[in-house]
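# A closer look at the structure
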Amino acid sequence: MEAEQAKAKLLAVAEELGHEIRIFTNSANSAASKEISASSSEEPDHFYDLTPEDYYRIMSDRIRAQSQILKTRKMREAEAAARRARITKAVIRVRFPDNYILEAKFQPSEKIESLMHLLMKVVARPDLPFYLYTTPPKERIKDTSKDFYSAGFAPGAIVYFSYDLPKDKESDSAVAKTGPYLRDDILSLNGLDFTSEKADPVTSEPEPPAVGTSPAVPDPKPPEKKPAKPKWLKL
C-alpha cells in the first residue's frame, strides 16, 4: 500500500512538472571529503615520473588523433551520428549545497533551458537568481541554448546549483548559504522511487495424462497343465 501511495505521489509531481524526478541525499559526502583531504597531501617527486604505461598511452592517443585526421569529413559525421543515435536519454543530477540531489530525465536533443525551467518550479525561492556549474574545475554553465548532447551531458551528468546574489544582500545571503533550496513538498519525495509491480509467481501446472495410453499390465501366466497319462501306459 505504501508503494502505491509513493508511486501516486511521484506521478502527481511528474504531471505538474512535466518530468519524472527523484530526490535523494548524497550519503557519500563524508567519504568524499576524506578522499579530498587525503589527495590534497603533496606527492613525492617519483610520482610524476613517466612510466612505460604512460608512454604507450600517449603514443596511442597520438595515433588515434592522426587516424581521425586521415578520415574524411563524411566518415567523421557518420560516426558522430551513429554515436548520437545510440544515446536515447540524458539523466541529469543537480546537487544542492544542503546535500540534496534532484534527478531528472531529458531527451538528448532537449536544451539546458528545459532544466532551468524545471528548477524554477521546484526551488524554494524562484524569485532569486541562480546558476548551474560543473566541477572540477568550477565552470559556470553560461550557454543554456545548447542541447544536452552537444554540452556533453548525455547520457548523464552532475551539475551544481548556486544562487547568484550580490554580497550586499545580507537577508538573501543567509538563505543562499543554509537553505532550504527546494520546496517542502519536493523535499517530501526524498527516498521515493517508481517501483514496478511484483509479477505473479509462475506455478507449473500438472502434466495431463497421455491420451491413448494405459499403464502396462503384465500378462497373466497361463495355468500350468498337469501332464496327461499316455494311453499305452497300463498300471
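Before reading on, note that the structure itself is shown above.
So, here's what we can say about the structure.

Quick notes on the rules
Residues numbered from 1 in each chain as written. Predicted model: local features only at pLDDT ≥ 70, side-chain atom pairs only at ≥ 80, totals over all residues. Heavy atoms only, no water. Salt bridge = Lys/Arg side-chain N within 4 Å of Asp/Glu carboxyl O. Helix = DSSP H or I, 4+ residues; strand = E, 2+ residues; numbered from the N terminus. Buried < 20%, exposed > 50% of the residue type's maximum accessible area, 1.4 Å probe, protein only. Core = buried A, V, L, I, M, F, W, Y, C linked by side-chain atoms within 4.5 Å. Contact = heavy atoms within 4.5 Å. Expected span 1.5 Å × (residues − 1). Arc of directions from axis to C-beta. Pairing = 2+ DSSP bridges. Phe/Tyr/Trp six-rings, centres within 6.5 Å; stacked < 30°, edge-to-face > 60°. Lys NZ or Arg CZ within 6 Å of the ring centre and 35° of its normal.

With that out of the way, let us pick up the pattern of salt bridges. According to the stated counting rule, one finds seven salt bridges in the structure shown. Between Arg183 and Glu16 there is a salt bridge, and its shortest N-O distance comes to 3.5 Å. Residue Arg183 is located in the loop between α6 (170-178) and α7 (184-187), and its partner Glu16 is located in helix α1 (residues 2-17); the two are separated by 167 residues in the primary sequence. Here Asp127 makes a salt bridge to Arg125, at a shortest N to O gap of 3.0 Å. Residue class for Asp127 comes out exposed when judged on its relative accessible area of 54%. What makes Arg125 partly exposed here is its relative accessible area of 25%. Salt bridges here are not isolated pairs; linked through shared partners, they connect Arg22, Arg93, Glu103 and Asp193.

Counting 35 residues, the largest nonpolar core has Ile92, Leu119 and Phe161 as its most contacted members. Within the residue set of this core, elements represented by two or more residues are α1, β1 (21-25), β2 (90-95), β3 (100-106), α5 (112-122), β4 (130-134), β6 (156-163) and α7. Excluding residues that lie within four positions of it along the chain, Leu119 makes contacts with Val94, Phe96, Phe130, Leu132 and Phe161.

Quick look at α1 now. Over its 16 residues, α1 runs 23 Å from end to end, which matches the ideal 22 Å to within 8%, given 1.5 Å per residue. Within the sequence span of α1, burial applies to Ala6, Leu10, Val13, Ala14 and Leu17. Down the axis of α1, the buried side of the element spans an arc of 105°, and every buried residue falls inside it. Opposite the buried face of α1, at more than 90 degrees from it, the exposed residues are Glu4, Gln5 and Glu15. Tucked inside the fold, the buried residues of α1 contact β1, α5 and α7.

In this section: the sheet that holds strand β5 (residues 139-140). In a beta sheet, neighbouring strands are held together by backbone hydrogen bonds and run either parallel or antiparallel to one another. Read from one edge of the open sheet, six strands run β1-β3-β2-β6-β4-β5, paired in mixed fashion. Lying at the two open borders of the sheet, with one neighbouring strand each, are β1 and β5. Pairing analysis gives four bridges linking β4 to β6, with the strands arranged antiparallel. Residue pairing for β6: Tyr131 is matched across the bridge by Ser162.

Next up on the list: the packing of aromatic side chains. In total, this model carries nine aromatic pairs according to the counting rule given. For the ring pair Phe96 and Phe161, a centre distance of 4.9 Å and an interplane angle of 40° mean the geometry is tilted. With a gap of 65 residues between them, Phe96 in the loop between β2 and β3 and Phe161 in strand β6 connect regions that are remote in the sequence. Take Phe96 and Phe161: they sit in the same class, and that class is buried. Ring plane angle 20° and centroid distance 5.4 Å describe the contact between Tyr133 and Tyr160, whose orientation is recorded as stacked. Here the residue Tyr133 occupies a position in strand β4, and Tyr160 occupies one in strand β6, the gap between them amounting to 27 residues. Judged by relative accessible area, which is 18%, Tyr160 ranks as buried. An aromatic cluster is defined as three or more aromatic residues linked by ring pairs; in this entry it consists of Phe96, Phe130, Phe161, Tyr163 and Tyr181. Between the NZ or CZ atom of Lys138 and the centre of the ring of Tyr133, over which it lies, the distance is 4.5 Å.

Taken by themselves, the reported measurements are silent on function.
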